[in-house]
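Take a look at the letters that make up each chain.
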Amino acid sequence: MSTLAIDKAGPTRKVKYGSMSRDRTWALRWSYFFLTIFAIFSLVPPIYMLITSLKSSAEISAATNPWWVFHPTLSNYVELLTSNQFLRFFWNSAMVSIFVVTLTMLISVPAAFALSRMKFWGSATLATGVFLTYLIPDSLLFLPLFKMFAVIGDWTGIQLINKWYVLLFLYPTLTVPFCTWIMIGYFASIPKELDEAAIIDGASWFQTLTRIFIPVALPGLIAATIFAFTVSWAQFLYPLVFTTSTDQLVMPVGIITTLIKGDVFNWGQIMTGALLGAAPPLLIYAFLMDYYIAGLTAGATKG
Amino acid sequence: MAEVNLRKVVKRYDDVEAVRGIDLDIADHEFVVLVGPSGCGKSTTLRMIAGLEDITDGDISIGGDVVNDVPPKDRDIAMVFQNYALYPHMTVAENMSFGLRLKHYPKAEIKSRVTEAARMLDITDLIDRKPKQLSGGQRQRVAMGRAIVRNPKVFLFDEPLSNLDAKLRVQMRIEIKKVHQKVRTTTVYVTHDQVEAMTLADRVVVMNKGKIEQIGTPNELYHKPATRFVAGFIGSPAMNFLPCRLEEVGGKLNLRLTDRFSFPLPPVRAAQYQSVPRSEKLLLGIRPEHLTEANGHAAPGVENFETVLDVTEPMGMETLVYFTLEGTQVCGRVDPNAGARDGAPLRLAVDLNNMHLLNEGTGAVL
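This is a predicted model, so every value here is computed, not measured.

Asks: Go over the overall build of chain B, please, and point to the residues and values.
Replies: Helices and strands together make up the secondary structure of chain B, namely nine helices and 21 strands. In terms of its C-alpha atoms, chain B occupies a principal-axis envelope of roughly 80 × 45 × 35 Å. Here chain B holds 366 residues, and the buried ones make up 40% of them. Excluding contacts between residues fewer than 6 apart, the proportion of contacts in chain B whose partners are at least 24 apart in sequence is 66%.

Asks: I'd love a proper account of the overall build of chain A, names of residues and values included.
Replies: Along its length, chain A carries 15 helices and two strands. Within the span of chain A, comprising 303 residues, buried residues form 30% of the whole. At a minimum sequence separation of 6, the contacts of chain A that also span at least 24 residues come to 76%.

Asks: Describe the sheet that holds strand β12 (residues 252–256) of chain B, with residues and values.
Replies: All names here are of chain B. The sheet built from five strands is open, its strands ordered β13-β12-β11-β14-β21 with antiparallel pairing. Only two strands of the sheet have a single partner each, and these edge strands are β13 (262–264) and β21 (356–359). Within the sheet, the average angular offset between the axes of one strand and its neighbour, ignoring direction, is 40 degrees. As defined by bridge partners, strand β11 (residues 240–249) adjoins strand β14 (residues 282–286) across five bridges and the pair is classed as antiparallel. Across the sheet, Leu242 pairs through a bridge with Leu284, a residue of β14.

Asks: Tell me about the interface of chain B and chain A, and name the residues and values.
Replies: Each partner contributes residues to the interface: chain B has 17 residues there, and chain A has 14 residues. Taken together, the elements giving at least two residues each to the side of chain B that touches chain A come down to β6 (77–80) and α2 (92–102) of chain B. A breakdown of the residues in the side of chain B that touches chain A according to their chemical character gives twelve nonpolar, three polar and two charged.

Asks: How would you sum up the sheet that holds strand β3 (residues 31–35) of chain B? Please name residues and give values.
Replies: In sheet architecture, strand pairing relies on hydrogen bonds along the backbone and comes in two forms, parallel and antiparallel. Residue and element names in this part refer to chain B. With mixed pairing, the six strands of this open sheet are ordered in space as β6-β7-β8-β3-β9-β10. Across the chains shown, the open sheet's two edge strands, defined by having one partner strand only, are β6 and β10 (211–216). On average, adjacent strands in this sheet sit at an angle of 20 degrees to one another, irrespective of strand direction. Bridge count between strand β7 (residues 154–158) and strand β8 (residues 186–191): five bridges; the pairing is parallel. Its bridge partner lying in β8, Phe157 is registered against Tyr189.

Asks: So what's going on with the nonpolar core? Residues and values would help.
Replies: Soluble globular proteins: nonpolar side chains tend toward being buried together. Counting 153 residues, the largest nonpolar core has Leu167(A), Met183(A), Val33(B), Met79(B), Leu156(B), Val188(B) and Val205(B) as the members making the most contacts within it. Ranked by residues supplied to this core, first place goes to helix α5 (residues 84–117) of chain A with ten residues. Apart from the residues within four sequence positions on either side, Leu156(B) is in contact with Leu46(B), Ile49(B), Ala50(B), Ile77(B), Met79(B) and Val188(B).

Asks: Lay out the confidence of the model for chain A in plain terms, naming residues and giving numbers.
Replies: All names here are of chain A. Residues at a pLDDT of 70 or more form 89% of chain A, whose mean pLDDT is 85. The low-confidence segment residues 1–11, where pLDDT is below 50, has zero contacts with residues more than four positions distant or belonging to other chains. Note on residues 298–303: pLDDT under 50 across the span, and seven contacts to partners over four residues away in sequence or across chains.

Asks: I'd love a proper account of the environment of Leu156(B), names of residues and values included.
Replies: All names here are of chain B. Along the polypeptide, Leu156 turns up in strand β7. In this structure Leu156 comes out as buried when scored by C-beta crowding, with 26 C-beta atoms within 10 Å. Here the alpha-carbon distance between Leu156 and Asp310, two residues 154 residues apart in the chain, equals 44 Å.

Asks: Explain the pairing of strand β20 (residues 345–351) of chain B residue by residue, including any values.
Replies: Side-chain positions along a regular strand alternate between the two faces of the sheet. Residue and element names in this part refer to chain B. In this sheet, β20 lies alongside strand β15 (residues 291–293) in antiparallel orientation, the contact comprising three bridges. Counterpart to Leu291 in the pairing with β20 is Val350. Note that strand β16 (residues 302–308) and β20 share seven bridges and pair antiparallel. Pairing of Glu303 across the sheet is with Val350, part of β20.

Asks: So, the environment of Pro267(B): which residues are in play, and what are the values?
Replies: All names here are of chain B. Topologically, Pro267 is positioned in helix α9 (residues 267–273). With 12 C-beta atoms packed within 10 Å, Pro267 lands in the exposed category. Residues Pro267 and Ala27, 240 residues apart in the sequence, show an inter-C-alpha distance of 39 Å.

Asks: Outline the confidence of the model for chain B, listing residues and values.
Replies: In this model, chain B carries a mean pLDDT of 91, and residues with pLDDT of at least 70 account for 100%. Taken together, the chains of this predicted complex give a pTM of 0.81 and an interface ipTM of 0.84.

Asks: For the environment of Asn83(B), give the residues involved together with the corresponding values.
Replies: Following the sequence through the fold, Asn83(B) ends up in the loop between β6 and α2. For Asn83(B) and Leu164(B), which are 81 residues apart along the polypeptide, the C-alpha to C-alpha distance reads 9.7 Å. Setting aside anything within four residues of it in sequence, one finds Asn83(B) in contact with Pro191(A), Glu193(A) and Asn163(B).

Asks: Hey, could you go over the packing of α5(A) against helix α14 (residues 251–259) of chain A for me, with residue numbers and the actual values?
Replies: Residue and element names in this part refer to chain A. Direction vectors running N to C along α5 and α14 enclose 155 degrees, while the axes themselves pass 8 Å from each other. Relative to α14, the element α5 lies roughly antiparallel. Residues Gln85, Phe89, Phe90 and Ser93 of α5 form the contact with α14, whose participating residues are Met251, Gly254 and Thr258.

Asks: Tell me about unusual backbone geometry, and please be specific about residues and values.
Replies: All names here are of chain B. The amide bond that connects Ser236 to the next residue, Pro237, takes the cis arrangement and shows omega of -5 degrees. If you trace the backbone, Pro237 turns up in the loop between α8 (228–233) and β11. A positive phi angle, close to 50 degrees, is found at Asp14, a residue other than glycine. By secondary structure assignment, the location of Asp14 is in the loop between β1 (4–13) and β2 (16–26). Phi is positive for Asp76, which is not a glycine, with a value near 55 degrees. As for its placement among the helices and strands, Asp76 is situated in the loop between β5 (65–66) and β6.

Asks: Outline the packing of α2(B) against helix α3 (residues 107–121) of chain B, supporting the account with residue identities and numerical values.
Replies: When two helices pack together, their arrangement is given by the angle between their axes and by how far apart the axes lie. Residues and elements named next belong to chain B. Running from N to C, α2 and α3 cross one another at 135 degrees; their axes reach a closest spacing of 10 Å. Classified by the interaxial angle, the pair formed by α2 and α3 is oblique. For the pair α2 and α3, the sense of crossing is right-handed. Packed against α2, whose contacting residues are Ala93, Met96, Ser97, Leu100 and Arg101, the element α3 presents Ile110, Arg113, Val114 and Ala117 at the interface. Here the residues of the contact of α2 with α3 are counted per class, giving six nonpolar, one polar and two charged.

The rules behind the values
Residues numbered from 1 in each chain as written. Chains lettered and ligands numbered in written order. Predicted model: local features only at pLDDT ≥ 70, side-chain atom pairs only at ≥ 80, totals over all residues. Helix = DSSP H or I, 4+ residues; strand = E, 2+ residues; numbered from the N terminus. Buried ≥ 20, exposed ≤ 12 C-beta atoms within 10 Å, placed from the backbone. Contact = placed C-beta atoms within 7 Å. Pairing = 2+ DSSP bridges. Axes fitted to C-alpha atoms, helices over the stretch in contact; angles between N-to-C directions. Nonpolar A, V, L, I, M, F, W, Y, C, P; charged D, E, K, R; others polar. Core = buried A, V, L, I, M, F, W, Y, C linked by C-beta atoms within 7 Å. pLDDT = per-residue confidence, 0-100. Parallel < 35°, antiparallel > 145°, perpendicular 65-115°, else oblique. Left-handed = near helix turned anticlockwise from the far one by under 90°.

What follows is the structure, encoded as structure tokens:
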């Protein structure tokens, strides 16, 4: 019925030249609507953390408006930043993250280069295999891994459990597959003629990687680095399972285990610790955002 | 600089034979163009010379040394790719000097070579730019510069002009020819464009289905094609092929095209084709420029006939006319003032002195 009416009206109807921009306007309105909702949704927790971190324990437990600070204090910050324990957690986290990022890049960049460019028997299967390992969640892996390190400890006498550096062996199981996969994708977008030109120019495989591929794929490399850093900085399960002594803990676990005593939650310091812990990744994102986005959209457009 | 020799070179991918045993000798300083339709094996052949593809069988030698198992970097060759393959993060100068820097040439030597090549290619002003700041033609010059500074034994070009627009392609063609005249390096050049092949080459190698159809100078290929493929591939518009047979009329040899048309052969041609069996199914090969408007003067071997044109294409300096003969479309080139119009009759002349006779079955030119 309605189509009939439209068809009849057809010849006399004005052509809508502006329909493109009208579609666009509506798309933008919806985008803003949903983006605003999501922005509020994801920004409320950190804001609440900030508010709480500026309160004294007395004010936190008082029945006042929880969204407002009536007697702001920096005492939580002072206490945490002067506590050797907290600084130790921070130091452990930094060491683990820096080593893991370095290790991950040293493994996954050459691996991705080999898998994407040096066609060898089984390279395609291996590339898929690398990705599949990433699909196994850490909550499934931690028990067998724990058992493995226990057995290694029994056999060789090298006790890695409850040492912060055991994490250097554990985190790469999460970071290497994903970073390798990102880099494979990125390297694949580099035209084949580029390495052929380099080979004819006299470059070895290693020189092709270091002098052509890494510089050209720098945005992808930075994206992978940020990913590896974020994973190692925020990982919770592995350090919770593998480290117990206070001086071996990394920050996410350290904050929880030392600031929650029995059923007493030191909310002010927990929030402060969480905020301070979130600072380094935040700074890195802020500075490398452009590269990160370029890395994520790599291959979407050529040039 | 050096000669390049291919002996029974074969390339097989699993069960597909891309190159089926080719022999080719390229002399020192020579500019050889491999031309053919896509999939004819020309690029594969070039990549085998470069060392980017392994050889399944046969031998390739550069400068007298067999290089079958020599890696590309030790073959002393330089290659220019279709998509330029410039290193995007390096400036023009860095792109050009990359190979020399890898070989640890002295800085002064590198600088002088780059400057010299840049001057030759007229890209001196662009030396500090990145590839993305350059136009297609400029990028291709840089790619050539990268090849020149290496001063290799052999230049390899893999369809270097295919990404450029038509006008620029003509210009770069001349540039490439000029560069070759200056540096005189042995060059192997691959293209699918027969005009490029004809204009650039000392000798053209026409390839088809993994084999060499014919090797010759541009003029040899044009005037004395060996096969139907070469005859049809070289020249634009392409040569016309018309079914025909020979017949004897009053002791003289005639060429019978249709029930309507039978032309006496000029004496030289008659002698040439005397031994061809009269029953053989043949093809008359005649280039469009030998089908012109009749001008009233009788010349030996030139026969006039009347036809109705289907389509005319005015090109300015000439008009291409298309008509149908026994179901075959035929193209001729007439003077723009000959009065050729779509659907109108026109009196044409065919110059049988420049005809080719082909065996319809084998495609061989008789």
